[in-house]
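Overview (structure and organization)
Read off the chains here:
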Amino acid sequence: MAEPDQPEIVRILVVDDEPAMHDSYRRSFAAVADGGAAALGAMAQDLFGTDDAPPVPPPRFDLTHVDQGGDAVLAVAAGLAANAPFAVVFLDIRMPPGIDGRETAARIRSLDPDINIVIVTGYSDHAPLDIARQAGPVDKLFYIAKPFDVAEIVHTATALGERWRVDRLLAATRADLARQVALLEDRTAELAANESRALHMAMHDSLTDAPNRLAFLRALGDRARQPGLFAIAMFDLDRFKLVNDTLGHLAGDRLIQLVYATLHETAPEGALVARLGGDEFGILFDTPGEAAAVMACERVIAACGISFDVFGHSVKGGSSAGLKLAAEDGPRDPVDLLRRADLALNDAKRAGRGQVRVFDEEMDESIRFRRRVEGGLDEAIARGELSLVYQPIVARDTMAIAGFEALLRWDTEDYGRLSPGIFIPIAEESNLIHDLGDWVLAKALAEAKAWPDQYVSINFSPRQFRRQNFVGHVMESVERAGVAPSRVQIEITESAIFQDAERSAETLYRLRQMGFRIALDDFGTGYSSLYNIRTFALDCLKIDRSFIDGMGRERESAAIVHSIIHLGRALGLEVIGEGVETDAQAQALRIAGAAYLQGYYFSLPVPATHAREMALAGLIDPQGAAWEATGTVG
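To start, this report covers the structure provided alongside it. (Residues numbered from 1 in each chain as written. Predicted model: local features only at pLDDT ≥ 70, side-chain atom pairs only at ≥ 80, totals over all residues. Heavy atoms only, no water.)

What the protein contains, in helices and strands, is 22 helices and 21 strands. Here the protein holds 634 residues, and the buried ones make up 48% of them. Surface exposure of the protein reaches about 30400 Å², of which carbon and sulfur atoms provide 53%. (Helix = DSSP H or I, 4+ residues; strand = E, 2+ residues; numbered from the N terminus. Buried < 20%, exposed > 50% of the residue type's maximum accessible area, 1.4 Å probe, protein only. Areas by Shrake-Rupley, 256 points an atom, 1.4 Å probe, with all protein chains shown as cover.)

Have a look at this one:
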């Protein structure tokens, strides 16, 4: 049996001007040392122990005696200075000729907020309330009437000594907790700073520190949601390849920097100037009309037509521009606007360079193509041209299949297999997206019902997500299919939730309350921020495949991937790396801490029958049968 702990030493200060009282205190505590220890230990056990706890050893009392209040104040100060504070002070009220007990108590309390003060008096000169006002708090101020008996004094000292010890332990625990909270806040701030740096790297060009294509599209999307006419101009440098070939890539890089500075200086006031890649630049600006926008572009072209000093070489500049105006009653999709400006730029270069071309519909064969696709999509369901394939999502370490992402395929008579990246945006611009989405939801739920326990991940477009009674519609579909909501993951992009953030937050909260999983798709390419993912009810983040693909080549992509994974883990969110195509990518994501992986390395998207076999098997071998499926990629 283990030896009991050593008894606590309780330091007690006795303040009384009568020598006889000091003798009484000494006899009282001497009785404990001479034979009352067992009884006091039992009393302590009753007060502070439990039935199955080892015996609580009685405390040892260390008494200090003083005759006057001033000496008591000095003794308390000395004890604090020596890191040996008193736990209890027994204080007389009347102590002539010095300060009385009330004043003494007030001064002691100002020195030591933790000490327990016991007023021992046979008089009622001072009301307890008056003393409490100066020497409180009331839970550390007590009263004993003279004459006292041994048990009363000893029991009081024992109880208050133990309480004083527990209070100090609690204070130390709270201080330690406060330090831990401060440390956590520091780590959170560091994480936010890392996120900010990573996002800056993701949104800016490393050569010029100009906003990049991603930042330009983001700003373009923000502007498109606001009223008013604005313009998108795309510029590229004439004969830039000649500079690279004759003077070298360092000279080419320097020319890019000089041209960006020129664009920034000559662009319309308030314009955003971005480097879109290579020698291409974009300018986004408000304009009162087409004539003013053309004049602004001509000024920029003229400014770029000077000779630049590049490492001592005189290099004649020159640029061409494509211009697209976004009217309130016209198309305002950011990607489409940029594409049309690019078509106008190509027309300017074909026309002889050094000039501005404004986009018109005749430049865009794709507009006619879009109309044919929209007409064919309207009949695709009835003709049986649509199908779903499923790509597994696997656990990082065990290769267990956690779920499948349902992917839509369309095999047309005229064009063969069309990529969803082509026909989904067309459907999104019309009401066809709702019919298409309902078909996908019903087919995916019917297939998931045949799996043992894996979830199905279904993509919803922004327009579907903003559909009236979206939550009720999805819940009704799930109930009709007989699939638990916990086996359905709703994938949405950031653009789907930021057009109406308040309503989106409520929608996501209701879906989570009903048991659905929520995944934020293509994370890192949109409006990502620490505040955003804390605000919305999410289960996991899916890292965009563009960052996964760039991990082995670009330091920035690797930094962004690591930042997203650490951010997700810190916020208790699962992180899925999608688009994994090589063993090196898979290993890098495992080391970084991604919880789940998805991509061609593990399996191509497979038909429903094959997905069912994989679900029943439960595990996947990235070098095995999953690679043997044919005709499933599209």
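With that settled, the discussion passes to the environment of E361. Here E361 shows up in the loop between strand 12 (356–358) and helix 11 (365–383). The class of E361 is partly exposed, set by a relative accessible area of 42%.

This next bit is on the nonpolar core. If you look at the biggest cluster of nonpolar residues, it comprises 82 residues, and the most contacted ones within it are I492, L508, L538, L589 and F602. Looking at this core, the element that brings in the most residues is helix 13 (residues 432–448), giving 9 residues. Within the second largest apolar cluster, 33 residues are counted, among which are F240, L263, A293 and I301. (Core = buried A, V, L, I, M, F, W, Y, C linked by side-chain atoms within 4.5 Å.)

This next bit is on the side chain of T287. If you trace the backbone, T287 turns up in the loop between strand 8 (280–286) and helix 9 (290–303). With relative accessibility at 8%, the residue T287 sits in the buried group. There is a polar contact of 3.4 Å between the side chain of T287 and the backbone nitrogen of A293. With sequence-adjacent residues up to four places away left out, T287 is seen in contact with L229, F230, A231, A292, A293 and L325. (Polar contact = N/O pair within 3.5 Å; in protein donor to acceptor, adjacent residues only side chain to side chain. Contact = heavy atoms within 4.5 Å.)

Attention now goes to the sheet that holds strand 6 (residues 230–237). In space, the 5 strands of this open sheet follow the order 7-8-6-11-12, with mixed pairing throughout. At either margin of the open sheet sits one strand with a lone partner, and together these are strand 7 (272–277) and strand 12. The sheet shows a mean angle of 20° between the axes of neighbouring strands, taken without regard to direction. As judged from the 8 bridges shared by strand 6 and strand 11 (residues 319–326), these two strands associate in the antiparallel manner. Pairing of M234 across the sheet is with G322, part of strand 11. (Pairing = 2+ DSSP bridges. Axes fitted to C-alpha atoms, helices over the stretch in contact; angles between N-to-C directions.)

Moving on, we come to helix 2 (residues 69–81). End to end, helix 2 covers 19 Å across 13 residues, agreeing with the expected 18 Å (1.5 Å per residue, within 8%). For helix 2, the set of buried residues is G69, A72, V73, A75, V76 and G79. Buried residues of helix 2 fall within an arc of 160° about the axis and therefore sit on the same side. Exposed side chains of helix 2 directed beyond 90 degrees from the buried face belong to L74 and A81. Buried residues along helix 2 sit against strand 1 (9–15), strand 2 (60–66) and helix 3 (101–111). (Expected span 1.5 Å × (residues − 1). Arc of directions from axis to C-beta.)

Moving on, we come to the environment of G472. Along the chain, the position of G472 falls in helix 15 (residues 470–481). Here G472 falls in the partly exposed class, since its relative accessible area comes to 25%. As for G472 and R510, which are separated by 38 residues in sequence, their C-alpha atoms are 9.8 Å apart.

Here we take up the pattern of salt bridges. Applying the stated rule across the entire model yields 29 salt bridges. A salt bridge links R11 to D62, with the nearest nitrogen and oxygen atoms 3.7 Å apart. In this pair, R11 sits in strand 1 while D62 sits in strand 2, placing the two residues 51 residues apart along the sequence. Note on D62: relative accessible area 33%, which makes it partly exposed. In this structure, R275 engages D205 in a salt bridge whose closest nitrogen and oxygen atoms are separated by 3.1 Å. Of the two residues, R275 is situated in strand 7 and D205 in the loop between helix 5 (150–203) and helix 6 (213–224); the sequence distance between them amounts to 70 residues. Judged by relative accessible area, which is 14%, R275 ranks as buried. (Salt bridge = Lys/Arg side-chain N within 4 Å of Asp/Glu carboxyl O.)

The strand order across the open sheet built from 5 strands is 2-1-3-4-5, with neighbouring strands paired in parallel fashion. With one partner strand each, in any of the chains shown, strand 2 and strand 5 (141–145) form the two edges of the open sheet. If you compare each strand with its neighbour and ignore which way they point, the axes differ by 20° on average. As defined by bridge partners, strand 1 adjoins strand 2 across 7 bridges and the pair is classed as parallel.

In this section: the pairing of strand 18 (residues 517–523). Taken across its 7 residues, strand 18 has 6 buried, putting it largely inside the fold. Note that strand 17 (residues 488–493) and strand 18 share 5 bridges and pair parallel. Considered in strand 18, the bridge of Q489 is made with R517. Summarising the sheet, strand 18 and strand 19 (residues 540–543) pair through 3 bridges and their orientation is parallel. Following the sheet pairing, L520 is matched in strand 19 by L541.

A few words now on the packing of helix 12 (residues 420–428) against helix 13. If you want to describe how two helices pack, look at the angle between their axes and the distance between the axes. Where helix 12 meets helix 13, the closest approach of the two axes is 7 Å, and the angle between their N-to-C directions is 120°. Here helix 12 is positioned oblique relative to helix 13, judged by the angle of their axes. Residue-level contacts link F423, I424, A427 and E428 of helix 12 to L432, I433 and L436 of helix 13. (Parallel < 35°, antiparallel > 145°, perpendicular 65-115°, else oblique.)

All told, the structure shown has 8 aromatic pairs when counted by the stated rule. With a centroid separation of 5.4 Å and 85° between ring planes, the pair formed by W410 and F423 is classed as edge-to-face. On the criterion of sequence distance, the pair formed by W410 in strand 14 (residues 401–412) and F423 in helix 12 is long-range, its members being 13 residues apart. Here W410 matches F423 in class, with each residue buried. (Phe/Tyr/Trp six-rings, centres within 6.5 Å; stacked < 30°, edge-to-face > 60°.)

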